Amino acid sequence: MKVLILGGTSEASALASALAEGGVPALFSYAGRVKAPRPQPLPTRIGGFGGVAGLGDFLAEQGITHLVDATHPFAERMSRNAVAAAHRSGIPLIALTRSPWVAQAGDRWEKVVGIEAAVKALAGPPQRILLAIGRQQLAAFAAQPRHHYLLRLVDAPEAPPPLPHHRVILDRGPFTLAGDRALLRAHGIQRIVCKNAGGEGAVAKLTAARELGLPVVMIERPAPPARREVHSVEAVLSWLHQSSPHKAERGV
Ligand code: NAP
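Because the structure is a prediction, the values reported are computed rather than measured.

### Looking at the nonpolar core
Consideration 1: If you look at the biggest cluster of nonpolar residues, it comprises 21 residues, and the most contacted ones within it are Val3, Ile5, Leu15, Leu19, Val68 and Val236.
Consideration 2: Elements represented by at least two residues in this core include exactly β1 (3-6), α1 (10-22), β2 (26-30), β5 (93-96) and α7 (233-243).
Consideration 3: Within the second largest apolar cluster, 19 residues are counted, among which are Leu131, Leu151, Val193 and Val217.

Next comes the structure, spelled out in structure tokens:
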């Protein structure tokens, strides 16, 4: 058995720890989006594979027997490529995902599909907005230039985002409720724009928004490709155990 984990999430890191502890041969893969990715207890490679064909070649070269897609729910292209490459290579694939956040009483969410719809939702007078969508799609918000955008990013942008009024703060989750409440208050935030990532690490801003009565533009997830999905590290371990020809030896 040799597992490839497609990472970039806290769930992927938790799985890497479990495989390392269980002595399961595995590799970890990062896209390379952040300057200093969290070190993993597994051999780690960084960078794109070169599409479906590149990933297929990598699976064959490395003798990968099981592919685990533990990427972020908005990493749409990687997830589609993983399904296609696993299918072509005849390698079993499982996705380790987290449930989306669900609005609770007191939430003021406007649900939108896609970044363009989120941009359109910001029509109206200037506001102070926490734009918590990562780095890659900030330029789309140049179409709503009157707002002041607070950008929370892992790394400083290489070029200034094309937003006339913005401030960057560098921080990396998991975020706390006390911290996010203080952040929203200190910056006079009037609205939040975010992706429905799910999970615990970034949910604090939504709890703080509920407390403060702030509206949230919630970008819904893209539809995932057809694939087997589980929501816990234990479920991945059990899948590996069931599909391993040497399961008695592995202790997974
Ligand atoms: P994406 O649009 O689905 O992927 C674009 C390309 O990046 C892929 O086609 C692949 O390149 C490469 N790639 C993505 N994930 C990879 C991985 N784990 N290992 C190796 N190559 C990878 O993905 P994205 O939205 O840019 O996200 C990039 C990474 O950041 C993902 O790993 C994801 O888990 C993490 N992340 C994303 C978000 C988000 O909001 N999108 C948030 C937090 C973390 P090739 O085609 O060349 O193989």
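### Quick look at the packing of helix α5 (residues 177-186) against helix α6 (residues 204-212)
Consideration 1: α6 packs onto α5 with a crossing angle of 55 degrees between their chain directions and a minimal axis gap of 8 Å. Considering the angle they form, α5 stands oblique to α6. For α5 against α6, the interelement crossing comes out right-handed. Residues Leu177, Asp180, Arg181, Leu184 and Arg185 of α5 pack against Ala204, Lys205, Thr207, Ala208, Ala209, Glu211 and Leu212 of α6.
Consideration 2: Of the residues in the contact of α5 with α6, the class split is 6 nonpolar, 1 polar and 5 charged.

### Considerations on the sheet that holds strand β4 (residues 66-69)
Consideration 1: A sheet is described by the order of its strands in space; here 6 strands give the open sequence β3-β2-β1-β4-β5-β12, paired in parallel fashion. On the outer flanks of this sheet lie β3 (44-46) and β12 (229-230), each paired with one strand and no other.
Consideration 2: Of the strand pairs in this sheet, β1 and β4 are connected by 4 bridges, and their pairing is parallel. Following the sheet pairing, Ile5 is matched in β4 by Val68.
Consideration 3: With respect to the sheet, α1 is in contact with β1, β2, β4 and β5, its orientation differing from that of β1 by roughly 155 degrees.
Consideration 4: Along the sheet face, helix α2 (residues 51-62) touches β1, β2, β3 and β4 and points at about 145 degrees away from the line of β1.

### As for a positive patch on the surface
Consideration 1: On the surface, Arg33, Lys35, Arg77 and Arg135 cluster together to form a positively charged patch.
Consideration 2: Structurally, the position occupied by Arg77 is in helix α3 (residues 76-89).
Consideration 3: Judged by relative accessible area, which is 61%, Arg77 ranks as exposed.

### As for the site of the ligand
Consideration 1: Lining the immediate surroundings of the ligand are 23 residues, of which Gly7, Ser29, Phe49, Met78 and Lys195 lie closest.
Consideration 2: At 2.9 Å from an oxygen atom of the ligand is found a side-chain nitrogen or oxygen belonging to Arg33.
Consideration 3: Separating an oxygen atom of the ligand from a backbone N or O atom of Glu76 is a distance of 3.2 Å.
Consideration 4: Considered on its own, the ligand offers 810 Å² of accessible surface; in the complex 82% of this is hidden by protein.
Consideration 5: Per element, the largest residue contribution to the shell around the ligand is 4 residues, and it comes from α3.
Consideration 6: A per-class count over the shell around the ligand returns 7 nonpolar, 11 polar and 5 charged.

### A few points about the sheet that holds strand β11 (residues 215-219)
Consideration 1: The strand order across the open sheet formed by 6 strands is β6-β11-β10-β7-β8-β9, and the pairing between neighbours is parallel. A strand with exactly one partner marks an edge of an open sheet, and here the two such strands are β6 (108-112) and β9 (166-170). Each strand axis lies, on average, 20 degrees off the axis of its neighbour in the sheet, ignoring direction.
Consideration 2: Alignment of β6 against β11, held across 5 bridges, turns out to be parallel. Paired with Arg108 across the bridge in β11 is Pro215.
Consideration 3: Against the sheet, α5 contacts β7 (128-132), β8 (148-153), β9 and β10 (191-195), and its axis sits at roughly 155 degrees relative to β8.
Consideration 4: Taken strand by strand, α6 contacts β6, β7, β8, β10 and β11, and its axis lies near 150 degrees from that of β10.

### Section: the pattern of salt bridges
A pair can form between side chains of opposite charge whenever their charged atoms are brought close.
Consideration 1: A full pass over the atoms with the stated rule returns 7 salt bridges.
Consideration 2: Note that Arg210 and Asp107 form a salt bridge whose closest N and O atoms lie 2.8 Å from each other. Here the residue Arg210 occupies a position in helix α6, and Asp107 occupies one in the loop between β5 and β6, the gap between them amounting to 103 residues.
Consideration 3: Given the relative accessible area of 23%, Arg210 is considered partly exposed.
Consideration 4: Residue class for Asp107 comes out buried when judged on its relative accessible area of 16%.
Consideration 5: Here Arg227 ties to Glu229 by a salt bridge, and the two come within 3.2 Å at their closest N and O atoms.
Consideration 6: When its relative accessible area of 31% is taken as the criterion, Glu229 is described as partly exposed.

What counts as what
Residues numbered from 1 in each chain as written. Predicted model: local features only at pLDDT ≥ 70, side-chain atom pairs only at ≥ 80, totals over all residues. Heavy atoms only, no water. Core = buried A, V, L, I, M, F, W, Y, C linked by side-chain atoms within 4.5 Å. Buried < 20%, exposed > 50% of the residue type's maximum accessible area, 1.4 Å probe, protein only. Helix = DSSP H or I, 4+ residues; strand = E, 2+ residues; numbered from the N terminus. Axes fitted to C-alpha atoms, helices over the stretch in contact; angles between N-to-C directions. Parallel < 35°, antiparallel > 145°, perpendicular 65-115°, else oblique. Left-handed = near helix turned anticlockwise from the far one by under 90°. Contact = heavy atoms within 4.5 Å. Nonpolar A, V, L, I, M, F, W, Y, C, P; charged D, E, K, R; others polar. Pairing = 2+ DSSP bridges. Patch = residues over 30% accessible without salt bridge, like charges linked within 9 Å, V, L, I, M, F, W, Y side chains within 5 Å. Areas by Shrake-Rupley, 256 points an atom, 1.4 Å probe, with all protein chains shown as cover. Salt bridge = Lys/Arg side-chain N within 4 Å of Asp/Glu carboxyl O. Lys, Arg positive; Asp, Glu negative; His and termini not counted. Charge placed at Lys NZ, Arg CZ, Asp CG, Glu CD. Near = heavy atom within 4 Å. Polar contact = N/O pair within 3.5 Å; in protein donor to acceptor, adjacent residues only side chain to side chain.

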